[in-house]
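Structural overview for review
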Amino acid sequence: MSQKKNIGIIGGGNMGQAMLSGFLQQGITANTLFVADHSANTCTQLNRNFGIYSATDNASIADKADILIVAVKPQQMRSVLERIAPCIVENKLLISIAAGITSMQIFTWLNKPNASIIRAMPNTPALIGEGITALYATPTVSEAQQQEAQVLLSCLGKILWIKKEEQMDTVTALSGSGPAYFFYMMEGLITAGIQLGLSQQDATELTLQTALGSIKMAVAQTNDLKTLREKVTSKGGTTERGIQTLTQGNFLNLLENTIAQASQRAKELSQEFN
Ligand SMILES: NC(=O)C1=CN([C@@H]2O[C@H](COP(=O)(O)OP(=O)(O)OC[C@H]3O[C@@H](n4cnc5c(N)ncnc54)[C@H](OP(=O)(O)O)[C@@H]3O)[C@@H](O)[C@H]2O)C=CC1
Ligand SMILES: O=C(O)[C@@H]1CCC=N1
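Position numbers for residues start from 1 in each chain and track the written sequence from start to end. Key to labels: chains lettered from A, ligands numbered from 1, both in the order written. In keeping with the model being predicted, local features are shown solely for residues with a pLDDT of at least 70 and side-chain atom pairs are shown and tallied solely at 80 or more, while totals for entire chains, interfaces and linings include all residues. Here the side-chain values reflect all heavy atoms present in the structure, with hydrogen atoms and water set aside.

For clarity, the cut-off: UniProt positions are given in the numbering used here, feature names are shortened, and annotations may be inferred rather than shown by experiment.
The chain is annotated in an unreviewed UniProt entry as Pyrroline-5-carboxylate reductase from Candidatus Berkiella cookevillensis. According to its UniProt record, the chain has this under Function (unreviewed entry): "Catalyzes the reduction of 1-pyrroline-5-carboxylate (PCA) to L-proline." UniProt, in its Subcellular location (unreviewed entry) section for the chain, records the words "Cytoplasm".

1. A few points about the site of ligand 2
In plain terms, the rule: To be near a molecule or strand, a residue needs just one of its heavy atoms within 4 Å of it. The accessible surface values rely on the Shrake-Rupley method and a 1.4 Å probe; as for residues, cover is taken only from the protein chains in view.
Around ligand 2, the structure places Ala99, Gly176 and Ser177. Protein contact buries 46% of the 250 Å² of open area that ligand 2 shows by itself.

2. Examining the domain arrangement of the chain
Threshold: In this entry, domain limits derive from an automatic or database-based domain assignment. Residues are treated as being in contact if the distance between any of their heavy atoms lies within 4.5 Å. Computed with a 1.4 Å rolling probe, the buried area is the accessible surface lost when two parts are put together, summed over both parts. One side-chain nitrogen of Lys or Arg within 4 Å of one carboxyl oxygen of Asp or Glu is enough to make a salt bridge. Counting of polar contacts relies on pairs of N or O atoms within 3.5 Å, with two restrictions inside protein: one atom must be capable of donating a hydrogen and the other of accepting it, and residues adjacent in sequence are counted only when both atoms are side-chain atoms. Under the grouping applied here, Gly and all other residues not named as nonpolar or charged are polar, the nonpolar ones being Ala, Val, Leu, Ile, Met, Phe, Trp, Tyr, Cys and Pro and the charged ones Asp, Glu, Lys and Arg.
Split by domain assignment, the chain resolves into domain 1 (7-171) and domain 2 (178-270). Facing the 11 residues of domain 1 at the interface are seven residues of domain 2. Of the roughly 680 Å² buried at the junction of domain 1 and domain 2 (both faces included), carbon and sulfur atoms supply 60%. Its largest share of buried area at the contact with domain 2, domain 1 owes to Gly100, Asp169 and Thr170, together 47% of the area lost on that side. Applying the counting rule to domain 1 against domain 2 returns one salt bridge. Here Asp169 and Lys267 are joined by a salt bridge, their closest N and O atoms 3.4 Å apart. At the junction of domain 1 and domain 2, the tally comes to two residue pairs in polar contact (both at pLDDT 80 or more). Its residues assigned to classes, the side of domain 1 that touches domain 2 shows four nonpolar, six polar and one charged.

3. Regarding the nonpolar core
Definition in use: By nonpolar core we mean a set of buried residues, namely Ala, Val, Leu, Ile, Met, Phe, Trp, Tyr and Cys, connected to one another through side-chain atoms within 4.5 Å. Exposed residues in this analysis have more than 50% of their type's maximum accessible area, buried residues have under 20%, and partly exposed residues fall in between, with area computed by a 1.4 Å probe over protein chains only. Here a helix means four or more residues in a row that DSSP labels H or I, a strand means two or more in a row labelled E, and each is numbered from the N terminus.
Core analysis: the largest hydrophobic core is formed by 30 residues, its most contacted members being Met19, Leu20, Phe23, Ile69, Ile95, Ile118 and Leu153. Among the elements that take part in this core, helix α1 (residues 14-25) stands out by supplying five residues, more than any other. Among residues more than four places away in sequence, those in contact with Ile95 are Ile67, Leu68, Ile69, Val70, Ile118, Ala120, Ala149 and Leu153. With 26 residues, the next largest nonpolar core counts Met77, Ile84, Ile101 and Ile117 among its residues.

4. What about the layout of surface pockets?
Where we set the bar: With a 1 Å grid spanning the protein atoms alone, the term cavity applies to any set of points in which a 1.4 Å probe fits but cannot get out, the term pocket to an open set with protein on both sides within 12 Å along at least five of seven lines, and the term lining residue to any residue with an atom within 4 Å of a point. Grid points are joined across faces, edges and corners, and a volume is the space filled by probe spheres set on the points.
Approximately 950 Å³ is the volume found for the second largest pocket. Taken together, 37 residues line the second largest pocket, and the ones lying closest to its centre are Met15, Ala71, Val72, Lys73 and Pro74. No other element matches the six residues that helix α4 (residues 74-84) contributes to the lining of the second largest pocket. Tallied by class, the residues present in the lining of the second largest pocket amount to 20 nonpolar, 13 polar and four charged. Each of domain 1 (7-171) and domain 2 (178-270) gives at least three residues to the lining of the second largest pocket.

5. So, unusual backbone geometry
Peptide bonds are mostly trans, and most non-glycine residues show a negative phi. The phi dihedral of Asn91 falls on the positive side, at around 80 degrees, and the residue is not glycine. Here Asn91 is to be found in the loop between α4 and β5 (93-96). With a phi angle near 55 degrees, Gln221 is a residue other than glycine that sits in the positive phi range. With respect to the secondary-structure elements, Gln221 resides in the loop between α9 (200-220) and α10 (225-232). The exposed category is assigned to Gln221, whose relative accessible area is 66%.

Spelled out as structure tokens, the structure:
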């Protein structure tokens, strides 16, 4: 990515900082990164920890940025966008990562039907360059801007372009929220191991390395997931009993319902904060 482009981020919280880390690790220079956060304390910390310029005034950061990432909570999106609207001049690319908030709402709040808007859904593994970011470009975004967004957000891991905006809610439920489901499952496995007599340290090491090895095998795609599972599951053995227990507990239905509910929540966020 051309180092001449200034990257602005509004909202220096969990995801704003994960993105910032990913950008810096991939060699985007600190003097092209600008962050706004309404907390002066957060600004001081960002400046100290990342060596980037930060300010409490959103408009000043929006002005400096060629590419502006809005990373505040959905409930803050409307007031933030209405206030920075005068800064969203022609050729500035605005990337929203807010769950649920539609491009139609963004255009309306900016009152700029020709603004260049991309919706992005990253996830927190962006912090170590192992995220995946789904992207949806509105028709006002040029090919060159799509390319810029792709190059920039590739610093955070993989990229997946989505053609239909309505799919963003499912994407949010699956990959945006997804790391939390995996962390939750690992927490549960560790707890179970401890309850059955392992030390915290041993249960943690066994769980984390098993997760890592399984993910690496899944990603290598030498076999499909079902085959990989079946290779572990000896007839009449331990895994079979474990999987039976998951099946009896409607594990797959539970997962389907989890994604459906998270996706539904994205739709509600859009309506609640309209
Ligand atoms: N966390 C995640 O894994 C992911 C989050 N997202 C999306 O990213 C967005 C941010 O989420 P997340 O980082 O978790 O939230 P955080 O609350 O951690 O970050 C938001 C930051 O913005 C600050 N802020 C609040 N109001 C303003 C304002 N008016 N102007 C400037 N800064 C403000 C907050 O300060 P304060 O805390 O003081 O309110 C906070 O530091 C959300 O829209 C979410 O849907 C998308 C993908 C993944
Ligand atoms: O929980 C949330 O609403 C945000 C969006 C995806 C991950 N975190």
